[in-house]
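A look at the structure
Here are the chains, one letter per residue:
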Amino acid sequence: MPQNKQIHLDNRPQGEATASNFKLVTVETPALQDGQVLVKHHFMSLDPYMRGRMNDAKSYAAPQPLGQVMGGGTAGEIVESKSDKYKPGDKVVGMGGWQEYSVVNVEQPGALRKVDTTHVPLSHYLGAVGMPGVTAWYGLVKIIEPKAGETMVVSAATGAVGSAFGALAKARGCRTVGIAGGAQKCKYAVEELGFDACIDYKQHKDVGSLSKALKEACPDGIDGYFENVGGAVMDAVMTRMNAFGRIALCGMIAGYDGKPVPMAFPQLLLTNRLKLQGFIVSEHMEVWPEALKELGTLVGTGKLRPRESVAQGIEAAPEAFLGLLKGRNFGKQLVKLV
Ligand code: NDP
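Since this is a predicted model, take the numbers as computed values, not measurements. (Residues numbered from 1 in each chain as written. Predicted model: local features only at pLDDT ≥ 70, side-chain atom pairs only at ≥ 80, totals over all residues. Heavy atoms only, no water.)

Observations concerning the site of the ligand
Of all residues adjacent to the ligand, which total 28 residues, the nearest are Lys 185, Tyr 201, Tyr 256, Val 281 and Asn 329. Val 161 is positioned with one of its backbone polar atoms (N or O) 2.8 Å from an oxygen atom of the ligand. Considering the ligand on its own, with 910 Å² of exposed area, one finds that the protein chains cover 91% of that surface. Residue assignment for the shell around the ligand shows that the elements contributing at least two residues are helix H2 (131-144) and helix H3 (160-171). Split into classes, the residues belonging to the shell around the ligand amount to 18 nonpolar, eight polar and two charged. (Near = heavy atom within 4 Å. Polar contact = N/O pair within 3.5 Å; in protein donor to acceptor, adjacent residues only side chain to side chain. Areas by Shrake-Rupley, 256 points an atom, 1.4 Å probe, with all protein chains shown as cover. Helix = DSSP H or I, 4+ residues; strand = E, 2+ residues; numbered from the N terminus. Nonpolar A, V, L, I, M, F, W, Y, C, P; charged D, E, K, R; others polar.)

In structure tokens, the structure reads:
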């Protein structure tokens, strides 16, 4: 059996996460028991939620235990099988974590899923046609409930979730406006992702200036907002929401290092009769098949062309993860392991 490099959570961050919170460990892979398969990971997913799990704090999910492999999504290939459900060469996605190989009990519910890479590249099953894509789908379809002709805005627009949101909203006949950090990301949002407009929030140093830019990009106001960031970006969007607008509260990355993310204008929730709803995608497994089908079709037909930031080798994972938390990724952040 092969040697397996893993990244463990060694200690918990005090404020900002750093590379010293992680530890690289090499272990022997155990021999397979009946009903187990050995998966060689081709890609590991890095996701903002992992930052929350590094803390020992009350949350919707248990903290990442110290001294164990960092949890996370993986896409790879069966290389050895003691199950008649999988054979070597099958492409699979699972929750293998930050390591090169995983031994999986195939009967464990949700542990592994076969995927078809004929029209969709394997890596996209960790992004647009995976958890981030379904996240966008749930917030748009189940919380915002868009109507054709309405204006939809999303922050972190070029990221894994934001880019899928743009394509899904466009497919429903909406005007789509992204908010992203930097001219290059905004150009990509309009030219490649098909957003009608994109605002570079880094060019707008205060809420008033960003609010003005939103007014220009959204002449009919904002009906639906998909929030990934929090802080000043959210404050500015709030000032442009139409009456009876809907906000899907998906993420607040501006506060993931523990800083408070105050809301400047909560009174607008009342005066504009807004709906604001937080959600966690893993609590809505019932929508995944429908969402994945639509997302797979959008990618397969080229209507969603997601971009990826790919770090090479497991040793690169901690720095790539810290970069994701600073917005240094451009598209879905992955680590390629083969
Ligand atoms: P992204 O690929 O979008 O990467 C994160 C992006 O956040 C960065 O690239 C950066 O883009 C942006 N960002 C904006 N403000 C900040 C800031 N202050 N600090 C750091 N980054 C910032 O990640 P995902 O698409 O994977 O996730 C997007 C959001 O969705 C996250 O908040 C995540 O936690 C959330 N999420 C929630 C789920 C749920 O079930 N509720 C499930 C999955 C994800 P830019 O340069 O454009 O600012």
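Here's the deal with the domain arrangement of the protein chain
Segmenting the protein chain into domains produces domain 1 (3-127 + 307-336) and domain 2 (131-282). Computed from C-alpha coordinates alone, the two centres of domain 1 and domain 2 are separated by 29 Å. Of the residues lining the interface, 18 residues belong to domain 1; the matching set on domain 2 comes to 13 residues. For the pair domain 1 and domain 2, the summed buried area comes to about 1,300 Å², and 60% of that belongs to carbon and sulfur atoms. Inspection of the domain 1/domain 2 interface yields one salt bridge. Here Arg 51 ties to Asp 257 by a salt bridge, and the two come within 3.1 Å at their closest N and O atoms. Classifying every residue of the side of domain 1 that touches domain 2 by side-chain character gives eight nonpolar, five polar and five charged. (Domains from an automatic or database assignment. Contact = heavy atoms within 4.5 Å. Buried area = accessible area lost by both parts, 1.4 Å probe. Salt bridge = Lys/Arg side-chain N within 4 Å of Asp/Glu carboxyl O.)

So, the sheet that holds strand S12 (residues 241-249)
A sheet is described by the order of its strands in space; here six strands give the open sequence S10-S9-S8-S11-S12-S13, paired in parallel fashion. On the outer flanks of this sheet lie strand S10 (197-200) and strand S13 (275-278), each paired with one strand and no other. On average, each strand axis in the sheet is inclined to that of its neighbour by 15°, with strand direction left out of account. Sheet topology places S12 next to S13; four bridges connect them, and they run parallel. Each bridged residue has a counterpart across the sheet, and for Leu 249 the counterpart in S13 is Gly 278. (Pairing = 2+ DSSP bridges. Axes fitted to C-alpha atoms, helices over the stretch in contact; angles between N-to-C directions.)

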